[in-house]
Structures are given as C-alpha cells and as structure tokens.
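What the coordinates show
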Amino acid sequence: MKKTLALATGLAAALGLGQAAAQVSDDVVKIGVLNDQSGLYADITGQGSVLAARMAAEDFGGTVLGKKIEIVFGDHQNKPDVGSNIARQWLDVDKVDAIADVPTSSVALAIQEITKTKNRVFLISGAASSDLTGKACSPTGFHWTYDTYMLANGTGGALVKAGGDSWYFLTADYAFGHALERDTGAAVTAAKGKVLGQVRHPLNTSDFSSFLLQAQASKAKIIGLANAGGDTINSIKQAAEFGIVAGGQRLAGLLVFVTDVHSLGLKTAQGLVVTESFYWDLNDETRAWSKNFMAKHGGKAPTMVHAGVYSAVKHYLTAIKEAGTDEAGKVAEKMRQMPVNDFMTKNGQIRQDGRVMRDAYLLQVKKPEESKGPWDYYKVLSTIPAKDAFRPIEQSECPLVKKS
Amino acid sequence: MFELLGVPPQALFGQLLLGLINGAFYAMLSLGLAVIFGMLNVINFTHGAQYMMGAFCAWMLLKFLGLNYWFALILAPIIIGAFGILLERLFLRRLYNLDHLYGLLLTFGLSLIIEGVFRNQFGSTGQPYDNPLPGGQNLGFMFLPYYRAWVVVASLLVCLATWFVIERTRLGAYLRAATENPTLVQAFGINVPRMIMLTYGFGVGLAGLAGVLAAPIYQVSPLMGSNLIIIVFAVVVIGGMGSILGSVITGFTLGVVEGLTKVFYPEASSTVIFVIMAIVLLVRPAGLFGQTR
C-alpha cells in the first residue's frame, strides 16, 4: 500500500514537473514589439520601446520558468493592414506569445481584435484611444500607460478651470484623433465650457497654416490639438509663425511627448500644459531607470510610452512566473490579481476592462531660462490620482464589465 | 454647396494666399525635377531626399558653424548641388543609355538610403530651426507672416530666372539642343557630358534651396522629403514631364486647389491632387503643357 502510494506520489510529482515544463508553449516566451519604426511616431515609440522591452527581459534574468525570453520587433508603418499582417504572422507562424506597444490607435484596435480571437496577451502602451478599454476591450488586452480620457481630463480639465471655456479642435483624421476630440469635448462640456467646432486634417500633414487660419477665425479661446508626434510639432511651430498665441488664443497640445518638446525647443514650446503618466525627472527611481535607458539610447530621454512598455513586459513576465504557464487566459487573470509595482507605477491596479489604474501628472513646459540642462523640460503642476485620471468603470462600454 | 456660402470671402482670400505659398514649394521642387527630366531624361526620385538634405544642411551650418539663415540660403544649395554632381559622376552617368526605369530605381534606392542614414542619426521628429523673419502683417483678411511672403517672392524669382536662362539665353539654347541631339552638339565643340553634369547639379541645388526655404516653416525632419515628393511628382505629371513653364504654373495652381480643399472638405486635402492627376492623364496623357515625344 505504502509502496503504491509512494509510487503514485512520485508519478504525480513527475507528471507535475513534466506539465510545468510543457506549460511554456514552444519552449520560449516570445514578445513582439510592434510599432512605428520609421515614421512620425518612431521617436515616441520605435526602437526605444524595443530597448525598454529588452531591459525588462534582462532585469528579469533573461529566462522565465526556465525558458528563454525573446524580444522581436516589427514596423507597422501606422497602417492597420500592415500591422495585422505582421501580427498574424507572429502569432500563427513565429510563436509569439504577446504583442507589446502598438502606437496608432487604428492599428491597435485591429491588433486587439486579432489577439482576442487568437487568445494572446496584448500589452498596449503607445496607442491612446480609450475605446481600447471601452467597446473594443478584450480579456487579454491591457491598456498600460495612458489614454485619451486621461489626456482630455488632465489637460482639458485644467485649461477650462483656468478660464479657457471655448474650444476649437484641430484633429488628426483617424481613430485616435476622433477619440481624443470626443473625450476632450466631453470634458470641456462637463466643465461648462463650449466646443465651437473642429477641422480634421489627414495624418502626417506638413502644412497646417490653412487649418490654423480656420481655428483662428473661430475666435475660440483654446485651440485643442487632437493629434500627435510630427503633426503636433508642425501645428505648434506654425501657430507661433501665424501669431496665434500672440493674438490671445491659447494652444492645448493634448498629446505632447517629451521628445516633441525636445524637437520644438523650449523657446517655441514654453508654457504648454501637458498630461503624462511618466516623466524621467520625477524622483530618484525614475531618474535611475532613465539614466540607464539614456545610456543605451543615444542620450535620448524615455517617453512615457517607453517606460510603459518596460512596466508592462515586466508585469507580464512576473505573471507567467506566478501562474506557472504562458497560456494567455491564465496569465491575464494573474496580471489582474497582482498589483503593478515598478519605477513608474505605485500600486497600480488592473481593472476588468483591461485599464491599468495609475496616477497621471499635469506638467508644464519650462521657460528656456528655467531649464538647467538637456532634457530638463517639465515642471510638475499637480498629480492626478488614478481614480480621477481614468474613466470610471461604471461609464465603461466594455462588455466584460457589464456581464459581471 | 451650402458650405461654400458658409465661408466668408475674407477667409477665402486668406486660403487662396496660403495656397499660393504652398504652391511656391511645389513649383520650386517640380521645376528642379522638370529641368532634370527635360535635359537628362532621368526621373530623379532622390529629389525629396535632396530637399531634406538642404534643410538639414541649413540646420547644420547654424548649429556647428554658427552661420545664419542668409548664409545657408547661398551655401546649402551649392553644397547639395555638389553632392548631386558627385552622384551624377559616380552613378547616374552609367545609366543614360538604358531605360528610364533604371534611373528611377537607382534614385529611389539612393533616396531610401539617404533618408535612412539621416533618420538613424537625427531621429524622426526632427530638429528645430528658428524663423529668421519673425512677425507679420495683418492684411485685414488674414495675418501674413513676413517669412511666408518672402518664400513666395524668392520662389517666383528663382522660377522666372530658370525659365529665362533655359528658354531665352544662348546657354539654354545649347542645353536644349544637346537634349535633342547630343552627338551633333558635341561635334560643334561643346562639352555635352559636362553640361549635363552641371544641369543635374543645378536641379539638385534647386531642391536644396527649397529645403532651406522650408526649414523655418516645417520641422527639419528626415521624413520631410518623402512627405512631399509624391505630390511634387503628381505636379510634374500634371504639368507635363519636362515642361519648365508647365511645372511652375501647375505648382502654384495646385497649391491653390489644395488650399481651397482644406477649407471646403479638409479630409480630402491629401488626395485631391491625385484625383486631378488621374483626370488629366485621361484627357491629356502628356500633361497640360507637355508634348508627346
């Protein structure tokens, strides 16, 4: 009897071991960083995100559950069809377990659908549309760094409070611009402000003078720039040229990254109020991580998207370790159970709709004489607690929330 | 059509003027392309990259040598033109006897390489370049920045001068003759290969000049050329490949058309030029001012 029991136990143990080893599919944990490697969002995401993912894998020790962690990357050129093709190839043929970053909301929405049907984890850092945790949410999709709701309420809310009660939008004509315009419009109206109109420009426009003139003619107190990257830079630069700020109107860069400020120069960018969930110079921890990042990234400071990719990949790997498997459903469950804690996140919680609840910061671009050195660009105006920064779960259109 | 009535005439004047300013860039770039195609029969796809290099050249002159915009305006086109001459000597010269497609492939490949190198070095968001003529004049119907006014004037002068040299001087006559029958012109003792080389350098220099003019308005970014070059090619095709006057007039006209589209239906502003191109090709395959050869 004893003998059989011992044998059974041994067998069970062996079986268990065998299972644990087999639980990492294909004997490798492969994470695909999919973003813009060559276009207008390449400095915000691009190789910096790949580096951040690699740093996370290195800090994790290079292996999880005894299997190698591998980081691959692809260039979706901001086109949903190109991005979808790469994602399918990765998931079907190349044994990729999770896709990370994916700026450009239109592409991210496509990838969200693909990862949902194929049951893989999607770690969104670069994309902004709040629909990713709204009607397009997924049980295995996580919106890590920021979203249009946060930008709308951070920057939009602050400017309405400061007396900017009439708005005109300059909107990038695709999913992200529309979502940002919608969310900011809602925030403005909620704060008793008025939206006077909007003009939609194609993605990647170089001349904004015509749109700016229309915004100027609207007589709105605030011109909201619902665009990003090179589009925002050119809008701000040309607004200065056409004397829009000098004429008494104020620009609201709704999505401005630290790299954009670097590109514009403080002289042009000074005074802009922006909302970000990370700035390299917030505290000792962020400075330490960023110093390491900058050393490997040609001295360029990390954007919040880069930091978010690191944070997401690290949390994903921890969840695999805790769950003892890389099966997406189980890992996603584990990710939701564990609090997110790293250099940029303090006690972050992941909600049912996939939204990572984290604090955001309302920042203002310094005047040239206030800046002490390269990349010293922001002063912190206030910290927006997570519950105010993101859409309340009761308002979520996510079907996952309604079911429960 | 109700929207048409919704736009006050003042706003319309403003947009027409802006269209003219953007047209100035199209005109200058398509002029360079037309000169090169007309004289060398090469479809110069590196034009966008050379325009971008012009802007970067201005930025580097300022940053590393402290030379301001007005020096750059003269130096950058010379430097970029010299770079063009180097390309011609090393690569393009070997392709004159082959099909157009070879030149197109070579220049396209070169432009990808050049852009890649700049992107790798400077990132994609670009570098700031200060406006040398800040301020502007309120015209009543719009605020006209001094710098934009200068761009239109400069571009018109350059276009007129080029047209004059090629169509009205002895040098231009040699050039045109050399395109028609190089062997015969060489028999008269004119160094045709050198003339072609200098023509290419001049065309490229024009792209560089347009780049310097663009630097204070647009972000100096490695992508600025590829954003523009497709439109400029459409302009050249509409104007008629190789027609100098055609490319200048079409450049300004299409700038205005695009500007108006931005008022009435902004979503279509990036496509309107290609719609026009398709229509023109259907009706006049050689372009508005082109001649079938």
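Computed from a predicted structure; not experimentally measured.

**What about the overall build of chain B?**
- From N to C terminus, chain B includes twelve helices and two strands.
- Counted from the first residue to the last, chain B has its helices and strands arranged as α-α-α-α-α-β-β-α-α-α-α-α-α-α.
- Taken against the 2.2 N^0.38 rule, which gives 19 Å for 293 residues, the C-alpha radius of gyration of chain B at 19 Å falls within 12% of a compact globule.
- Seen through its C-alpha atoms, chain B measures out along the principal axes to roughly 65 × 50 × 35 Å.

**Let's talk about the overall build of chain A**
- Along its length, chain A carries 15 helices and 15 strands.
- Here chain A has a C-alpha radius of gyration of 22 Å; the compact-globule value for 404 residues is 22 Å, and the two agree.
- Projecting the C-alpha coordinates of chain A onto the three principal axes gives extents of approximately 90 × 45 × 35 Å.
- Counting all 404 residues of chain A, 59% fall into the buried class.
- Long-range contacts, defined as pairs at least 24 residues apart, comprise 72% of the intrachain contacts of chain A with a sequence gap of at least 6.

**Concerning the pairing of strand S11 (residues 273-276) of chain A**
Residues and elements named next belong to chain A.
- Neither face of S11 is open: one carries Val273 and Thr275, the other Val274 and Glu276, and all of them are buried.
- Bridge count between S11 and strand S14 (residues 360-365): four bridges; the pairing is antiparallel. If you follow valine 274 over to S14, its bridge partner there is leucine 363.

**Here's the deal with the interface of chain A and chain B**
- Every contact between the two is made by 34 residues of chain A and, on the other side, 33 residues of chain B.
- Elements with a minimum of two residues in the side of chain A that touches chain B: strand S8 (194-201), helix H7 (209-217), helix H8 (229-241) and helix H9 (258-264) of chain A.
- A per-element tally of the side of chain A that touches chain B places H8 of chain A first, with seven residues.
- Classifying every residue of the side of chain A that touches chain B by side-chain character gives ten nonpolar, 17 polar and seven charged.

**With respect to the domain arrangement of chain A**
Residue and element names in this part refer to chain A.
- Domain annotation for chain A reports domain 1 (27-146 + 282-354) and domain 2 (149-276 + 360-386).
- Taking only C-alpha atoms into account, the centre of domain 1 sits 27 Å from that of domain 2.
- The interface is formed by 18 residues belonging to domain 1 together with 21 residues belonging to domain 2.
- With three residues, helix H4 (residues 105-117) is the largest single contributor of residues to the side of domain 1 that touches domain 2.

**Quick word on the packing of helix H4 (residues 69-90) of chain B against helix H9 (residues 192-214) of chain B**
All names here are of chain B.
- H9 packs onto H4 with a crossing angle of 140° between their chain directions and a minimal axis gap of 7 Å. It follows that H4 is oblique to H9 by the angle criterion. Crossing handedness for the pair H4 and H9: right-handed. Contacts from Ala72, Leu73, Ala76, Pro77, Ile78, Ile80, Gly81, Ala82, Gly84, Ile85, Glu88 and Arg89 of H4 reach H9 at Met197, Tyr200, Gly201, Phe202, Val204, Gly205, Ala207, Gly208, Leu209 and Val212.
- The residue makeup of the contact of H4 with H9, split by class, is 15 nonpolar, five polar and two charged.

**Describing the nonpolar core**
- Counting residues in each nonpolar core, the largest one holds 219 residues, and the members touching the most others are Ala53, Leu123, Val313 and Tyr316 of chain A together with Met28 of chain B.
- Top contributing element to this core by residue count: helix H2 (residues 9-40) of chain B, with 18 residues.
- When residues are assigned to domains, this core turns out to be shared by domain 1 (27-146 + 282-354) and domain 2 (149-276 + 360-386) of chain A, each giving three or more.
- For methionine 28 of chain B, the residues in contact, after removing those within four places along its chain, are Ser155, Val158, Cys159, Leu206, Leu209 and Ala210 of chain B.

**As for the sheet that holds strand S15 (residues 378-384) of chain A**
Residues and elements named next belong to chain A.
- What the three strands build is an open sheet, ordered S11-S14-S15; its pairing is antiparallel. The strands lining the two open edges of the sheet, one partner per strand, are S11 and S15. The mean inter-strand angle of the sheet, taken between neighbouring strand axes irrespective of direction, is 30°.

**With respect to the confidence of the model for chain B**
- Residues with a pLDDT of 70 or more make up 96% of chain B, whose mean pLDDT is 87.
- Confidence metrics for the complex model read pTM 0.84 and ipTM 0.82.

**So, the sheet that holds S8 of chain A**
Residues and elements named next belong to chain A.
- Taken in spatial order, the four strands of this open sheet run S8-S7-S9-S10, and their pairing is parallel. In the strand order of this sheet, the two ends are held by S8 and strand S10 (250-253), each with one partner. Across this sheet, the average inter-strand angle for adjacent strands is 20°, counted without regard to direction.
- Across seven bridges, the pairing between strand S7 (residues 166-172) and S8 is parallel. Looking at the pairing, threonine 171 lines up with arginine 200 of S8.
- Where helix H6 (residues 175-190) meets the sheet, it contacts S7, S8 and strand S9 (222-226), and its direction lies at approximately 170° from that of S7.

**A word on the environment of asparagine 153 of chain A**
All names here are of chain A.
- As for its position among the elements, asparagine 153 is in helix H5 (residues 148-161).
- Measuring from C-alpha to C-alpha, the distance between asparagine 153 and lysine 387 comes to 12 Å, with 234 residues separating the pair along the chain.
- Residues in contact with asparagine 153, not counting those within four places in the same chain, are Ala187 and Ala389.

**A closer look at the packing of helix H2 (residues 46-59) of chain A against helix H12 (residues 304-323) of chain A**
Residues and elements named next belong to chain A.
- Closest axis-to-axis distance for the H2/H12 pair is 8 Å, and the angle between their directions is 35°. Regarding H2 and H12, the two cross each other, and that crossing is right-handed. Taken together, the residues of H12 that come into contact with H2 (itself represented by Gly48, Ser49, Ala52, Ala53, Met55, Ala56, Ala57 and Asp59) are Val305, His306, Ala307, Val309, Tyr310, Val313, Lys314 and Leu317.
- Split into classes, the residues belonging to the contact of H2 with H12 amount to eleven nonpolar, three polar and two charged.

**Observations concerning the environment of methionine 338 of chain A**
Residues and elements named next belong to chain A.
- Considering the arrangement of structural elements, one finds methionine 338 in the loop between helix H13 (328-337) and strand S12 (349-350).
- Sequence separation between methionine 338 and threonine 318 is 20 residues, and the spatial gap between their C-alpha atoms is 9.2 Å.
- Setting aside anything within four residues of it in sequence, one finds methionine 338 in contact with Thr318, Ala319 and Glu322.

**Some points on the confidence of the model for chain A**
- Mean pLDDT over chain A stands at 90; residues scoring 70 or higher make up 94%.
- Here residues 10-22 of chain A scores under 50 on pLDDT; set against residues more than four positions off or in separate chains, the count is one contact.

**Things to note about unusual backbone geometry**
Residue and element names in this part refer to chain A.
- A positive phi angle, near 60°, is found at aspartate 26, a position not held by glycine.
- As for its position among the elements, aspartate 26 is in the loop between helix H1 (2-22) and strand S1 (28-35).
- In the Ramachandran plot, lysine 95 falls in the positive-phi region, its phi being about 60° despite a non-glycine side chain.
- Here lysine 95 lies in the loop between helix H3 (80-92) and strand S4 (98-101).
- A count of 15 C-beta atoms within 10 Å places lysine 95 in the partly exposed class.

**Some points on H3 of chain A**
All names here are of chain A.
- With 13 residues, H3 should reach 18 Å at 1.5 Å per residue; the first-to-last C-alpha distance of 18 Å fits that figure.
- Listing the buried residues of H3 in full gives Gly83, Ile86, Ala87, Trp90 and Leu91. Considered in projection along H3, the buried side chains sweep an arc of 125° and stay on one side of the axis. Within H3, the exposed residues directed more than 90 degrees away from the buried face are Asp81 and Asp92.
- Residues of H3 that are buried in the fold lie against S1, strand S3 (67-75), S4 and H4.

Cut-off values and rules
- Residues numbered from 1 in each chain as written.
- Chains lettered and ligands numbered in written order.
- Predicted model: local features only at pLDDT ≥ 70, side-chain atom pairs only at ≥ 80, totals over all residues.
- Helix = DSSP H or I, 4+ residues; strand = E, 2+ residues; numbered from the N terminus.
- Rg over C-alpha atoms; globule rule 2.2 N^0.38 Å.
- Buried ≥ 20, exposed ≤ 12 C-beta atoms within 10 Å, placed from the backbone.
- Contact = placed C-beta atoms within 7 Å.
- Pairing = 2+ DSSP bridges.
- Nonpolar A, V, L, I, M, F, W, Y, C, P; charged D, E, K, R; others polar.
- Domains from an automatic or database assignment.
- Axes fitted to C-alpha atoms, helices over the stretch in contact; angles between N-to-C directions.
- Parallel < 35°, antiparallel > 145°, perpendicular 65-115°, else oblique.
- Left-handed = near helix turned anticlockwise from the far one by under 90°.
- Core = buried A, V, L, I, M, F, W, Y, C linked by C-beta atoms within 7 Å.
- pLDDT = per-residue confidence, 0-100.
- Expected span 1.5 Å × (residues − 1).
- Arc of directions from axis to C-beta.

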